[in-house]
Amino acid sequence: MTFQLQDAGVVITGGGGGIGAAMARVFTAAGARVVLADIAPGKVNEIAEELGATAIVGDAASEDGVASLIEQSRKALGRIDMFCANAGIANIGGPELSDDVWDRTWDVNVMAHVRAARLLLPEWLERGEGRFVATVSAAGIVTSLGAAPYAVTKHAALAFAEWMSATYRHRGITVQAICPLGVNTQMLADTGPGGQLMMAADAISPEQLADVIAEGLADDRFLILPHPQVHDYFVARASNHERWLGGMNKLQRQIETVVGPN
């Protein structure tokens, strides 16, 4: 089915800037009724006021926070037609990072999606329609050198989106995964030298990405790939995993010549 933004009830997490704010601007311009959620009150309130949207301040990753977000969004919108799981965090480092860092990254990048789906699916399945859009990143398809929690959780976010699509698409649930290579936001900066080497040269603006997402809503494609080369990376990884790993290790060695080994 082709998704109509006109009068659709849309929830966007991580709506206080970057990709979330850009999506909100495109969606509201097309007639959607939008709820913007963010943990920081300043920017999300400002953007919501600019767009005539509803701002909800809170933790969209914790179980209680997600439950509150869904409840308040239903009150504001009447019903939720599309949920954009866009909030995300990145941390530089690997196994040496504390359990607290790993747990928080897991909560924001993966469990927030699971918790939202848990609350949205019963109503969506009952009425036979609903759309779940996950901002995953190309890190979920390839990896993110130097940022292990980000790479691991983005793989998991893609896996959950795939499972949702495979399980529910025949019952009217459309699931889409947004996998840009690089977007000029704070998130790109947070991925460190590895992310910069892999993504900065071809990075696009949040506004460019939002336009691509809007196009993707029209044809229901699962993978929304603003950078066509990500498809080629996906194919290369699947067709010759050893060669792909060798190429990624070559990039890692290039990083180490600049910043030293991990």
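Residues numbered from 1 in each chain as written. Predicted model: local features only at pLDDT ≥ 70, side-chain atom pairs only at ≥ 80, totals over all residues. Heavy atoms only, no water.

Student: Can you tell me about the overall build of the protein, naming the residues and giving the values?
Tutor: Helix and strand counts for the protein come out as ten helices and seven strands. Taking 2.2 N^0.38 as the reference for a compact globule, 262 residues should give roughly 18 Å; the C-alpha atoms of the protein span a radius of gyration of 18 Å, in line with that estimate. Overall size of the protein, expressed as C-alpha extent along the three principal axes, is 55 × 40 × 30 Å. Sorting the 262 residues of the protein into buried and exposed places 50% on the buried side. Separation between the mean location of the 19 positive side-chain charges and that of the 29 negative ones in the protein comes to 5 Å. (Helix = DSSP H or I, 4+ residues; strand = E, 2+ residues; numbered from the N terminus. Rg over C-alpha atoms; globule rule 2.2 N^0.38 Å. Buried < 20%, exposed > 50% of the residue type's maximum accessible area, 1.4 Å probe, protein only. Lys, Arg positive; Asp, Glu negative; His and termini not counted. Charge placed at Lys NZ, Arg CZ, Asp CG, Glu CD.)

Student: For the pattern of salt bridges, give the residues involved together with the corresponding values.
Tutor: Evaluation of the coordinates by the stated rule reveals 13 salt bridges. A salt bridge links Arg79 to Glu129; the shortest N-O distance between them is 3.0 Å. Taken together, the residues span a long stretch of sequence, with Arg79 in the loop between helix H3 (63-77) and strand S4 (82-85) and Glu129 in the loop between helix H4 (99-127) and strand S5 (130-135) at a distance of 50 residues. On the basis of relative accessibility, which here comes to 34%, the residue Arg79 falls in the partly exposed class. (Salt bridge = Lys/Arg side-chain N within 4 Å of Asp/Glu carboxyl O.)

Student: Quick one: what's the story with the pairing of strand S3 (residues 54-57), residue by residue and with numbers?
Tutor: By the bridge criterion, four bridges tie strand S2 (residues 33-38) to S3 in an arrangement that is parallel. Bridge pairing in S3 places Ala37 opposite Ile56. With respect to chirality, the unit in which S2 leads through helix H2 (residues 41-51) into the neighbouring parallel S3 is right-handed. (Pairing = 2+ DSSP bridges. Right-handed = clockwise from strand over helix to strand, strands pointing away.)

Student: Could you give an account of the sheet that holds strand S6 (residues 173-178), naming the residues involved and the relevant values?
Tutor: Taken in spatial order, the seven strands line up as S3-S2-S1-S4-S5-S6-S7 in an open sheet, and their pairing is parallel. If you trace the sheet from one side to the other, it starts and ends with S3 and strand S7 (223-224), each paired once. Here strand S1 (residues 9-13) runs beside S2; their pairing, made up of five bridges, is parallel. Paired with Val11 across the strands is Val35, a residue of S2.

Student: Which residues make up helix H8 (residues 206-219), and what values go with them?
Tutor: Given a rise of 1.5 Å per residue, 14 residues ought to cover 20 Å, and the 21 Å separating the end C-alpha atoms of H8 matches this to within 8%. Here H8 has its buried residues at Pro206, Leu209, Ala210, Val212, Ile213, Gly216 and Leu217. Seen end-on, H8 carries its buried residues on one side only, within an arc spanning 165°. Downstream of H8 by one or two residues, Asp220 has phi in the positive range, about 65°. (Expected span 1.5 Å × (residues − 1). Arc of directions from axis to C-beta.)

Student: Could you give me a rundown of the nonpolar core, with the residues and numbers involved?
Tutor: If you look at the biggest cluster of nonpolar residues, it comprises 46 residues, and the most contacted ones within it are Leu69, Phe83, Leu120, Phe132 and Met164. Of all the elements in the fold, those that place two or more residues in this core are S2, H3, S4, H4, S5, helix H5 (148-168), S6 and helix H10 (241-259). Here the element with the most residues in this core is H4; it accounts for seven residues. If we ignore the near neighbours within four places in the chain, the residues touching Phe83 are Val11, Thr13, Leu69, Ile70, Ala116, Leu120, Trp124, Arg131, Phe132 and Val133. By size, the runner-up hydrophobic cluster in this structure holds 31 residues, among which are Val10, Ile47, Ala53 and Ile213. (Core = buried A, V, L, I, M, F, W, Y, C linked by side-chain atoms within 4.5 Å. Contact = heavy atoms within 4.5 Å.)

Student: Outline the side chain of Asp38, listing residues and values.
Tutor: On the secondary structure map, Asp38 appears in strand S2. Of the side chains with opposite charge, Arg104 lies nearest to the buried Asp38, which makes no salt bridge, at 9.3 Å. Side-chain polar atoms of Asp38 contact the backbone nitrogen of Gly15, separated by 3.5 Å. Within the structure, Asp38 has its side chain in polar contact with the backbone nitrogen of Gly16 (distance 2.9 Å). Among all residues touching Asp38, those that are not within four sequence positions of it are Gly14, Gly15, Gly16, Val44, Ile56, Val57 and Gly58. (Polar contact = N/O pair within 3.5 Å; in protein donor to acceptor, adjacent residues only side chain to side chain.)

Student: Tell me about the packing of helix H1 (residues 18-29) against H8, and name the residues and values.
Tutor: Across the interface, H1 lies against H8 with an axial gap of 8 Å and an inter-helix angle of 55°. Considering the angle they form, H1 stands oblique to H8. As for how H1 packs across H8, the hand of that crossing is right-handed. For the pair H1 and H8, the contacting residues are Gly18, Ile19, Ala22, Met23, Val26 and Phe27 in the first and Pro206, Glu207, Leu209, Ala210, Asp211, Ile213, Ala214 and Leu217 in the second. Here the contact of H1 with H8 is built from residues that sort into eleven nonpolar, one polar and two charged. (Axes fitted to C-alpha atoms, helices over the stretch in contact; angles between N-to-C directions. Parallel < 35°, antiparallel > 145°, perpendicular 65-115°, else oblique. Left-handed = near helix turned anticlockwise from the far one by under 90°. Nonpolar A, V, L, I, M, F, W, Y, C, P; charged D, E, K, R; others polar.)

By themselves these figures say nothing about function.
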